[in-house]
Amino acid sequence: MAVARRSCCSRWEGARSPDSLLDITAKIAAENIPFQRIEERYDRIPEPVQRRIIFWSFPRNERDICMYSSLSRVPPVNSAGGEPLNLSFCKGLKLLEAGCVDNVLQVGFHLSGVVTGSRLSQPPTLPCGNVVGGSPEPPQKFKVSVSFDRCKITSVTCSCETKDIFWCQHVVALSLYRIRNAESVRLRVPISETLLQMDRQQLQKFVQYLISEHHTEVLPTAQKLADEILQQRSEINQIPGAPDPTAGASADDDHTWHLDEEQVCEQVKSYLSQGAYYNANKQLNSLFSKVREMLRAQDSNGARMLTLITEQFLSDPRLQLWRIQGQAMTDKCRQLWDQLGSLWVCIVLNPNCTNHEKHQWKQLLEKWTHIDVCPPEDPDFRLHQTNQRDSYANRDRDRDRHYHDRDRERDRYADRERDRRERRDRDRERERDRDRGRPVYDSSSSSDDDEASYLYSRNNNKRLRLSGNHSKSAPALPRTVFHRALDAVSMSWDNMHLKNILSSDVYCSHVPDNSTSGTFNSQGQPLWNEPIPLCAARVDSLRSHGHMEAALRLAVSVVRTMKQQQLLAQKKWNESQQAACSSSSSAASTSKANKPCTSRCAGQCIAGASSSSTTSTSAPANTDGWVGHPLDPIGTLFDTLADASIVPEDQRPRTPSYLDLVGMEDQHNIRPRYHHVPVVGSRDRSETYLTLAFEVALIGLGQQRIMPVGLYAQEKACKQEDRLIAKLQEIEGDNNLVAVLRRQAIILLEGGPASGLGIGIHPESIPMHTFARFMFQSLLIYDPDLAYDVGLRAMRLPLLEEHEDSDDPMGGNASSSLMMSRSPRWFTLGHIETQQCTLSSTMLSAAKGEVMRLRTVLESSQRHIHSSSHLFKLAQDAFRFATPENGPRHPTLLSVAFELGLQVMRMTLSSLNWRRREMVRWLVTCATEVGVEALITIMQNWYQFFTPTEATGPVATTVMSPSTLMRLNLAFVQQDELSSCARTLALQCATKDPPNCALNALTLCENEPLAFETAYQIVVEAASHIMTSSQLFTIARYMEHRGYPTRAYKLAVLAMKNVHLAYNQDTHPAINDIHWACALSHSLGKSELTNMIPLLVKNVQCATVLSDILRRCSMTAPGISCPHPTTLDGGKHITMPQHRSSRGCTAGIKPLSYDRPPLRQLLEAAVAAYINTTHSRLTHISPRHYGDFIDFLTKARDTFVLAQDGVAQFSQLIENMKVAYKGKKKLMFLVKERFG
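Residues numbered from 1 in each chain as written. Predicted model: local features only at pLDDT ≥ 70, side-chain atom pairs only at ≥ 80, totals over all residues. Heavy atoms only, no water.

Chemist: Explain the overall build of the chain to me, and be specific about the residues and the numbers.
Modeler: Broken down by element type, the chain carries 55 helices and 7 strands. Relative to its full complement of 1236 residues, the chain shows a buried share of 50%. Long-range pairs, those at least 24 residues apart, make up 72% of the contacts in the chain between residues at least 6 apart in sequence. Accessible surface for the chain amounts to roughly 60100 Å². Of this, 51% is attributable to carbon and sulfur atoms. (Helix = DSSP H or I, 4+ residues; strand = E, 2+ residues; numbered from the N terminus. Buried < 20%, exposed > 50% of the residue type's maximum accessible area, 1.4 Å probe, protein only. Contact = heavy atoms within 4.5 Å. Areas by Shrake-Rupley, 256 points an atom, 1.4 Å probe, with all protein chains shown as cover.)

Printed below as a string of structure tokens:
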């Protein structure tokens, strides 16, 4: 024993001293063999051997302690930022460094100690009640005990009673103390070994002293055990031996790290109850990250913890509520469920998983799938509100239910069309399967698996569902989020070819293999022919379980397979096109016209080019693309290869992928730096892990894929695409990467149905705008021609090009109404059109110095962009690029912006667009920048772009404004030409729409007498049948203001014919105009006033208006205007005409008399109006209006007295009121009090 201790001490004293043979064997035994098995194997184990086994049985790596004491990964302790210091691991480390760990004792497989909790800093100031004798409260001591077995801590206990998923800081401090100070810790063999060395007297003394020391705690238990031992037939006497907590766990027990299952359930339940709050989602994402961390460490608690999380997710009460209401779960919740399902795929695909474990996982997953609230695999499936479990809701997640009720017939028609299209696609798929007639992976090359041909066959329904190729026949129940994991259970790692790929970097074949389904490529490099989502699932599982090298080897083989399949697909496409051309029996010219386009053009050269010249409804496409797939295969392959290319000194956790930490902030969000690492065993020197990562992303993004059904799936496809492109943008380009980019661009442009940039694409395929913009920007410096080929080809949007251009009446989106009436709906169409506009804007900005390319981009934009709002945005971008604040102007790009603006005007001319006014103003500004020719063009052809109101208003008025003329700095001839165009426009608009354009037309023509007279005649002709009195009064006032009182009077008479005022309309908006018209007539002379008063009497029954006009007309003689404006009862001032009559001098003419025409007729009408109004108001009068009524009668009396018999008439009116309304005693009292 002394020798062993000396050798062990020397090992710790000198780092270069080798371990003794005893320590080497003890290490291996302590980590892998239960101590019980060792005791059973040997009759007697020497105490030195026992001590060394017990010594090495404690964990040796601080990373393991960190994993169970922090929710997320912990950065270096000395790193900046205060957040990591709040983690249990960091707190425990500081406790250790502060010397807070005391009385550490290891007895067998049990470690105990005391940790003082308040030595880190000065004691805080405490309330007076906690201060004794002026001294602070002594630091609190916590008793910590830890049990361990085979280098794993199996249980922890601390008197702090902290309730959390992970260990408290005191357990961390004690564990780190044992790891760092292993030799200084007092070590004792298990207590059972010590008891064997005692005789009866010693044992009795030991027990009595133990009871005496802890009599309040153990005395009842001790007495109970003593009673049972004294009974001969008791159960305790039937069992040989006695338990020893310090002797290690039983050999049959699971030796797993301590995980508080109850706290895991409670914490997850708490997070779920908080709903969609940011912090709750962040914590749940951190738990998923912790599961992956455990899997990487090959810790069985990873699956155990995920099982607990899953059970709590299934117990979420919101699931039942959503199911009853027929609603889809929130997007944040669905993202968490997707991660849950993907993690289970990783777990069941563990290459080291035994058949027994797989069987257990299968039973557990099947149990979960039969739970009613288990979410479906497709997030856009919803159950009908019926009792039948197997009834499905429409996959279209349209939340506007009233839309379905209103358009049920249209939906029925859309469903029939969809069914017919699906039948057609199934027929084509069966034909292609018959033509191919081969499995995805031919297992005949391997001799160990006879059933692999079935396992990898396209006819295997389960495998197809896992890989994303959904079967057309609906199952009895919807597939749940766990069905992909269930499908993965049947996947095997026993294929010999796969084993060789995973185990060796130099595995190759020296015999060239040019077959389409071979296991090696032409260079002898191994391939793995399996659906890409399955391959990626294997790679992700290998990475998740810590097999990084094997995952990297498989990823390399998968990418090589994808490259070969891409070239084979392109070759078959070219051969099929050539065969179709050669079999044509048409004439040479026709044959030439029908020859398929194989050049890298924008697709306009195809015969019969139309809006769908680059589309093909028969073009096969992937119904479930790699980008947007729930397993994120392209992202997984890219991350695996890119992580192998990170500069060694810059290795940090990558930005989380979709399957890892969605929505969680990355504490180390630092852009990684990459370099080229040659692929081990590759014969191609230019092939590096970075080029393969770059290429697999390009292949995945360029794949032609059908738009998925449902809002969530479509948004997820967009997010995955954006995330992949963001990762590509982090990589600095070099010659190798540019070569890859050019090669892929050419392949995609010349590709067939497999390429999203190919010549013939399916109308339902996802557009490539975002991806093409990345390629355009990356290629522009190195190969501009290829960059523009990619950008122009990607501009197309086949879904909208099948239909005529039509602008949305409300939002300026040509596709909104169309998408509301089709099935399936494109929920992300607005985002897609925005990306299309951004791509076009990027190309316009890059081509601003090249006329031909500008023209090409302009034509492509005008042909493919169907939304007026996006075209307007593009025009604004072009205008901004063409007129920089600092720098030369670009006239050609400015003309492009002007042409786009004209197209926007044409598109929105006959529709309602809330931005129409802004568009018109912007176009005038743009035309002003272009020059006078552009202004003349829009005014000469105004009917193509503007309404008459717009043409005479914001267009012509702005063009003819002094500021515009000053900015243009025109010559006199040009000013005259511009004015002539404006006058012609004004007359045309006034003829077409006199009510809205007449005033502006008169204003524009006021400097040219002939044009002005023409505009005036247009108004006169339209006055009787089109124009309202308000419009005529406005124009008449304008005429009077310009010095044409006679013309103003004529228009006022026409306006008075259309005015009608009832007795109670004393606040009518036309009253001011009526006063003005009468004042104008009075100022012109008696005859004009005589002609006006009959119209006034006929159309106005309001007594107060008539009496006011009567008094004002009697103040001065006819032909003399009032010297001051009068004030109405409401306090409004009426501006009177300030001119004399054209009849000559009116001095000596007396004011008009009330007894003679024309005022006599007006006075009689006013008296009659007061009488009628009085009886009308009395019919429905209420007490609160009595005061107003008395004031009204006072005004009536003032008018009555102007007549010869007016006093008598008023008295008669009062008497009639008293008789007719004698029941209104209070009112009659007020009338008598005022009028007698």
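Chemist: Describe in detail the pairing of strand β3 (residues 141-149), supporting the description with residues and values.
Modeler: Pairing of strand β2 (residues 110-116) with β3, which is carried by 7 bridges, proceeds in the antiparallel orientation. For H110, the partnering residue across the bridge sits in β3 and is S147. Across 6 bridges, the pairing between β3 and strand β4 (residues 152-158) is antiparallel. When the sheet's bridge partners are listed, S147 is paired in β4 with S155. (Pairing = 2+ DSSP bridges.)

Chemist: A description of the environment of D1198 should follow, citing residues and the corresponding values.
Modeler: Here D1198 is to be found in helix α53 (residues 1186-1200). In this structure, the C-alpha to C-alpha distance between D1198 and F1210, residues 12 residues apart in sequence, is 9.8 Å.

Chemist: Can you lay out the sheet that holds β4 for me, pointing to particular residues and giving the numbers?
Modeler: The mixed open sheet is built from 5 strands, whose spatial order is β4-β3-β2-β1-β5. The open sheet has two edge strands with one neighbour each: β4 and β5 (186-188). Here the average twist between neighbouring strands, direction ignored, is 20 degrees. Helix α4 (residues 47-56) contacts β1 (101-107), β3 and β5 of the sheet and is inclined by roughly 120 degrees relative to β5. (Axes fitted to C-alpha atoms, helices over the stretch in contact; angles between N-to-C directions.)

Chemist: Could you give me a rundown of helix α37 (residues 868-882), with the residues and numbers involved?
Modeler: Over its 15 residues, α37 runs 21 Å from end to end, which matches the ideal 21 Å to within 8%, given 1.5 Å per residue. The element α37 is largely enclosed, with a buried count of 12 among its 15 residues. When α37 is considered as a whole, its buried residues turn out to be S868, S869, H870, L871, F872, L874, A875, D877, A878, F879, F881 and A882. Summarising the contacts, the buried residues of α37 are in contact with α35 (829-846), α36 (851-864), α38 (891-908) and α39 (916-930). (Expected span 1.5 Å × (residues − 1).)

Chemist: Explain the pairing of β1 to me, using residue names and the numbers behind them.
Modeler: Pairing geometry for β1 and β2, over 5 bridges, is antiparallel. Within β2, the residue paired with V107 across the bridge is H110. Hairpin remark: β1 followed by β2, antiparallel, with 2 residues in the connecting loop; positive phi at G108, about 60 degrees. Here β1 pairs with β5 via 3 bridges, running parallel. The partner of L105 across the bridge, within β5, is R186.

Chemist: Can you explain helix α54 (residues 1206-1220)? Please cite residues and give values.
Modeler: An α-helical segment advances 3.6 residues per turn. Residues three or four places apart therefore align on the same side. The first and last C-alpha atoms of α54 sit 21 Å apart over 15 residues, in line with the 21 Å expected at 1.5 Å per residue. Every buried residue of α54 is accounted for by G1206, F1210, L1213, I1214, M1217 and K1218. The arc enclosing the buried residues of α54, seen along the axis, measures out at 135 degrees, which places them on a common side. Facing away from the buried surface of α54 by more than 90 degrees, the exposed residues are A1208, V1219 and A1220. On its buried side, α54 packs onto α52 (1159-1179), α53 and α55 (1225-1235). (Arc of directions from axis to C-beta.)

Chemist: An account of unusual backbone geometry is needed here, citing residue identities and associated values.
Modeler: Its identity as a non-glycine residue notwithstanding, R150 has a phi of 50 degrees, on the positive side. Mapped onto the elements of the fold, R150 is located in the loop between β3 and β4. In this model, D632 sits at a positive phi of 50 degrees, which is unusual for a non-glycine residue. Assignment of secondary structure puts D632 in the loop between α26 (588-594) and α27 (633-643).

Chemist: Outline the pattern of salt bridges, listing residues and values.
Modeler: One side chain can pair with another of opposite charge once the charged atoms of both are near each other. Applying the stated criterion across every chain yields a total of 38 salt bridges. One salt bridge connects E899 with R855, and the closest N-O pair in it is separated by 3.0 Å. Note that E899 is positioned in helix α38 and R855 in helix α36, a separation of 44 residues in sequence. For E899, a relative accessible area of 26% corresponds to the partly exposed category. In this structure, E1164 engages R1160 in a salt bridge whose closest nitrogen and oxygen atoms are separated by 3.5 Å. In this pair, E1164 and R1160 both sit in helix α52, 4 residues apart, roughly one turn of the helix. Overall, E1164 belongs to the partly exposed group, its relative accessible area being 47%. In this structure, a network of salt bridges that share partners links the residues E377, R479, R484 and D487. (Salt bridge = Lys/Arg side-chain N within 4 Å of Asp/Glu carboxyl O.)

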